[in-house]
Amino acid sequence: MEKLLEIKDLYANVGEKEILKGLNLTINKGEVHVVMGPNGAGKSTLANVIFNNPAYTKVSGSVEFEGENINDLSVDKIAKKGVFMSFQSPEEIPGISTFNFLKFAKGKITDKPVKVFEFKKQVEGFTEELNMNPKLIERNLNVGFSGGEKKKNEILQMLALNPKLAILDETDSGLDVDAIKTVSKGIEMYKNDENAVLIITHNTRILKHLKVDFVHVLVDGRIVKTGMGELATEIEENGYKEYNA
Amino acid sequence: MAKTQVEDINRNIYDIKNEDEYAFKMQKGLNREVVLEISKQKNDPDWMRELRLKALEVYNSLELPTWGPDLSELHMDDIATYVKPKSKLNTSWDDVPEEIKKTFDTLGIPEAEKKSLAGVGAQYDSEVVYHSMKEDLLKQGVVYLDMESAVREYPDLVKEHFMKCVPVNDHKFVALHAAVWSGGSFVYVPKGVKVDIPLQSYFRLNSPESGQFEHTLIIVDEGASLHFIEGCSAPKYNKVNLHAGCVELYVKDNAYLRYSTIENWSKNMMNLNTKKAIVGKNAQIDWVTGSFGSKISMLYPMSILNGEGAKTEYTGITFAGKGQNLDTGFKVIHNAPNTSSVVNSKSISKEGGSCTYRALVRVAERAKNAKCSVSCESLMLDDISRSDTIPVNDIQTDEVEFSHEAKIGKISDKEIFYLMSRGLSEEDARAMIVRGFAYPISKELPVEYAVEMNNLINMELEGSIG
Ligand SMILES: Nc1ncnc2c1ncn2[C@@H]1O[C@H](COP(=O)(O)OP(=O)(O)O)[C@@H](O)[C@H]1O
Ligand SMILES: [Mg+2]
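### A look at the overall build of chain A
Scanning chain A for helices and strands turns up seven helices and ten strands. Relative to the compact-globule value of 18 Å for 245 residues, chain A shows a C-alpha radius of gyration of 18 Å, a close match. With respect to the three principal axes, the spread of C-alpha positions in chain A is 55 × 40 × 35 Å. Evaluated residue by residue, chain A yields a buried proportion of 55% over its 245 residues. Here chain A has roughly 10900 Å² of accessible surface; of this, 48% comes from carbon and sulfur atoms. Separation between the mean location of the 32 positive side-chain charges and that of the 36 negative ones in chain A comes to 4 Å.

What follows is the structure, given as structure tokens:
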């Protein structure tokens, strides 16, 4: 098995506040991981710290991607290595259409000119699979999109940019049953033996539609338990009570 | 992250300067002899010569404005008020001298004329070197001429309107303009004629230590409509250049005028321009303005809504970088019932640049049921830049709907992070966000100008990001 992401004994702060307190996590190619945990446990922090968001400070420990330490790489360089994140609240950017943005980002990530016609057909194919209004990609990036449209647009970007590791932060939250099915379908389409998915959620609904390899429970900045799919069921029944410090 | 410090950006095509070649360059400074010489060169009718001389007296009697940017670096003694290019007025680009034509080629003017304009005027220093309009507009009675030809060919129409919308004693630089004005465009659209493709005049100031004082006079007669585009630029010199143009717009009853401007002056320019419109019954004027460049700008387009039901919209953006003080704003006078105004102003400042939005809303007592809504937003790209809003509201009636909204903001780190997580560099991400901020304005511009504006933004942001 080939390691894609390896996080070792990671401590991270927001301002003075300690949030991650010795977190370890390894993700291999071909795997789907789920991180679950109560609100405020540090799940979004984990995603942001992997991406070296300058709003967070790594205090100690390391993040390695394909064997390379990416602790100090800038956000765009990490994206170019093949990491993607679906945002809990995607930003609205006026002045550029979703498709033109995707084309621009694809060019940056691959460092190659994008074959526009081909890429457009591919993106249109994805919007169809994701039950998105085909006109949405002509509209300014996320501007005036509904919550559900924004989440689907994140999955569309994942499919179009085709990263090696996709981190999905609460992509399922706030979606109705149909949208959750569609998002799961998007993840299935993306998934192959060479890439991996890290799903962050506080909710088990999406797991009903997806084949998952590992479930981790994140409480108070640490992974306190790792198991297989049934761990999710257990948490659904009992909540996080037994893990509280 | 490594900081790239760039003292002054390369403005590419705008900075290409030609040799300071001219047929005649007026001695520097301003006095009666200079004014008389300009008048003689222009072959002015008597009334115009008298107007110039009277304006000079007004100029001498008025003080420099002290309420705005510091104008102490402007010395009229160092400015040549009239520079006659080595070219006559032509109606074919082939006849324009090579050097001058090359400049306008680089700026894309002849190309735009072929693709998307109904007529073009091109001024180089103090004189219009090219003026032309499509045949079918001519047949419909539309007049589009350089200002000097209009003085000769339409004496009554010009005399009735010239310096009547903007009075000579409005302020010191209007008086200066009236004394030494040269070049500019005249447009007359007859009653009911709709000109659906824009006319454009482009003003290029090439000569160092000189001034450009073009006069634009547009009359859109009853029920007619027009889109007029004005472009301005100049290469950079180390000495001060002065632009004191004057724009007078008459939008008669039920007429429509859209007046779009992209100003891209170099950073040694003092831009002290005056623009006003008188708007008749149920008529409308829309201003779309992009102000880039210049060291100091004082520019406050004004709509005077004299007719019942007259409307105006102002959509403007100002971008101030290092060493720039851009003092702009919109003024509206509601002089009749049921008039309305909508103002949407944006400004961007960076590297210590300063943007001031200075506005006036006056609603006369008789302007019952007037509506006015003002929104100004500014974006500061760092902590050393400035942005101020100085609104003056003088509202004489209770029967008015008035709203004013002002927002000052910075680029959000979350937006930068979002875009960078898609592989964009920080520079690309910022430029994209700034373009997005400017988008509500740029989308109002003709496509080529929206593209130009985005290029200007990219140019301004290049290398300036830490
Ligand atoms: N930018 C921030 N500023 C201040 N506190 C933050 C910030 N981001 C996260 N936190 C705090 O860090 C803790 C973990 O947050 P987060 O990682 O978002 O939790 P989760 O995603 O598990 O709900 C919370 O207590 C939250 O309030
Ligand atoms: Mg979260």
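Still to come is the rest of the account.
### Brief notes about the coordination of the magnesium ion (ligand 2)
Within the protein, the atoms that donate to the magnesium ion (ligand 2) are Ser44 of chain A (OG) and Gln88 of chain A (OE1), at distances of 2.1 to 2.6 Å. With Ser44 of chain A in helix H1 (residues 43–50) and Gln88 of chain A in the loop between strand S6 (83–86) and helix H3 (98–110), the pair connects residues that are 44 residues apart, well separated along the chain.

### So, empty space enclosed by the protein
Residues and elements named next belong to chain B. Within the structure shown, the criterion is met by five cavities of 30 Å³ or more. What the largest cavity holds in volume is close to 100 Å³. Ser345, Lys346, Ser347, Thr356 and Tyr357 are the residues nearest the centre of the largest cavity, which is lined by 18 residues in total. Among the elements of the structure, strand S18 (311–320), strand S21 (340–349), strand S22 (354–363), strand S23 (370–380) and strand S24 (386–395) are those that each provide at least two residues to the lining of the largest cavity. The element that contributes the greatest number of residues to the lining of the largest cavity is S18, accounting for four residues. Looking at the lining of the largest cavity residue by residue, the class counts come to five nonpolar, ten polar and three charged.

### What about the interface of chain B and chain A?
Taken residue by residue, the interface counts 16 residues in chain B and 29 residues in chain A. Summed over the shared surface of chain B and chain A, the number is two salt bridges. Joining chain B to chain A, the criterion identifies seven residue pairs in polar contact (both at pLDDT 80 or more). Residue assignment for the side of chain B that touches chain A shows that the elements contributing at least two residues are helix H9 (413–420) and helix H10 (426–442) of chain B.

### Focus: the pairing of S23 of chain B
Residue and element names in this part refer to chain B. Of all eleven residues in S23, eight are buried; the element is thus mostly enclosed. Note: S21 against S23, ten bridges, orientation parallel. Counted as the bridge partner of Ser345 is Cys376 from S23. Note that S23 and strand S25 (residues 400–410) share eleven bridges and pair parallel. Opposite Ala370, over in S25, you have Val400 as the bridge partner.

### What about the side chain of Ser149 of chain B?
Residue and element names in this part refer to chain B. Residue position: Ser149 is located in helix H6 (residues 147–153). Accessibility expressed as a relative area gives 5% for Ser149, which makes it buried. Polar side-chain contacts of Ser149 include one of 2.5 Å to the side chain of Asp146. When neighbours within four sequence positions are excluded, Ser149 is seen to be in contact with Leu89 and Tyr154.

### Here we look at the sheet that holds strand S4 (residues 57–65) of chain A
Residue and element names in this part refer to chain A. An order of S2-S1-S4-S5 is seen for the four strands of this open sheet, with the pairing classed as antiparallel. The two strands at the open ends of the sheet, each matched to only one other strand, are strand S2 (17–28) and strand S5 (68–69). Here seven bridges tie strand S1 (residues 3–14) to S4, and the two strands are oriented antiparallel to one another. Within S4, the position partnered with Glu6 by the bridge is Glu64. Docked against the sheet, H1 engages S1, S2 and S4, running at close to 70 degrees with respect to S2.

### Overview of the packing of aromatic side chains
Summed over all chains, the structure comprises 18 aromatic pairs over all chains. Centroid distance Phe51 of chain A to Phe417 of chain B: 6.1 Å. Interplanar angle 90 degrees. Geometry classified as edge-to-face. Of this pair, Phe51 of chain A sits in the loop between H1 and S4 while Phe417 of chain B is found in helix H9, placing the two residues in two different chains. Side by side, Phe51 of chain A and Phe417 of chain B carry an identical accessibility label, which is buried. Ring plane angle 20 degrees and centroid distance 5.5 Å describe the contact between Phe228 of chain B and Tyr259 of chain B, whose orientation is recorded as stacked.

### Some remarks on unusual backbone geometry
The phi dihedral of Asp9 of chain A falls on the positive side, at around 45 degrees, and the residue is not glycine. Mapped onto the elements of the fold, Asp9 of chain A is located in strand S1. With a relative accessible area of 41%, Asp9 of chain A lands in the partly exposed category. Although it is not a glycine, Asn338 of chain B adopts a positive phi angle of roughly 60 degrees.

### Overview of helix H6 (residues 177–190) of chain A
If you check H6 of chain A, its first and last C-alpha atoms are 20 Å apart, about what 14 residues at 1.5 Å a residue would give, namely 20 Å. Of the surrounding secondary structure, the elements contacted by the buried residues of H6 of chain A are helix H4 (116–129), helix H5 (147–161), strand S7 (165–169) and strand S8 (196–201) of chain A.

### Some details on the pairing of strand S12 (residues 246–251) of chain B
Residues and elements named next belong to chain B. Burial analysis of S12 places six of its six residues in the buried class, which makes it a mostly covered element. Examined bridge by bridge, strand S9 (residues 215–220) and S12 share six bridges and lie parallel to one another. What sits directly across from Ile219, in S12, is Tyr250.

### Notes on the side chain of Gln200 of chain B
On the secondary structure map, Gln200 of chain B appears in strand S7 (residues 199–204). When neighbours within four sequence positions are excluded, Gln200 of chain B is seen to be in contact with Ile109, Leu117, Gly119, Val120, Gly121, Tyr144, Ile229, Gly231 and Tyr449 of chain B.

### Examining helix H4 (residues 109–116) of chain B
Residues and elements named next belong to chain B. Those residues of H4 that fall on the buried side of the exposure criterion are Ile109, Pro110, Ala112 and Glu113. Relative to the axis of H4, the buried residues are bounded by an arc of 160 degrees and lie together on one face. Projecting away from the buried face of H4 at angles above 90 degrees are the exposed residues Lys114 and Lys115. Those residues of H4 that are buried are in contact with helix H3 (98–106), strand S3 (119–124), strand S4 (127–133) and S7.

Parameters at a glance
Residues numbered from 1 in each chain as written. Chains lettered and ligands numbered in written order. Predicted model: local features only at pLDDT ≥ 70, side-chain atom pairs only at ≥ 80, totals over all residues. Heavy atoms only, no water. Helix = DSSP H or I, 4+ residues; strand = E, 2+ residues; numbered from the N terminus. Rg over C-alpha atoms; globule rule 2.2 N^0.38 Å. Buried < 20%, exposed > 50% of the residue type's maximum accessible area, 1.4 Å probe, protein only. Areas by Shrake-Rupley, 256 points an atom, 1.4 Å probe, with all protein chains shown as cover. Lys, Arg positive; Asp, Glu negative; His and termini not counted. Charge placed at Lys NZ, Arg CZ, Asp CG, Glu CD. Donors = N, O, S within 2.8 Å, 3.2 Å for Na, K, Ca; no water. 1 Å grid on protein atoms, 1.4 Å probe; cavity = no way out; pocket = protein on both sides within 12 Å on 5 of 7 lines; lining within 4 Å. Points joined across faces, edges and corners; volume = space filled by probe spheres on them. Nonpolar A, V, L, I, M, F, W, Y, C, P; charged D, E, K, R; others polar. Contact = heavy atoms within 4.5 Å. Salt bridge = Lys/Arg side-chain N within 4 Å of Asp/Glu carboxyl O. Polar contact = N/O pair within 3.5 Å; in protein donor to acceptor, adjacent residues only side chain to side chain. Pairing = 2+ DSSP bridges. Axes fitted to C-alpha atoms, helices over the stretch in contact; angles between N-to-C directions. Phe/Tyr/Trp six-rings, centres within 6.5 Å; stacked < 30°, edge-to-face > 60°. Expected span 1.5 Å × (residues − 1). Arc of directions from axis to C-beta.

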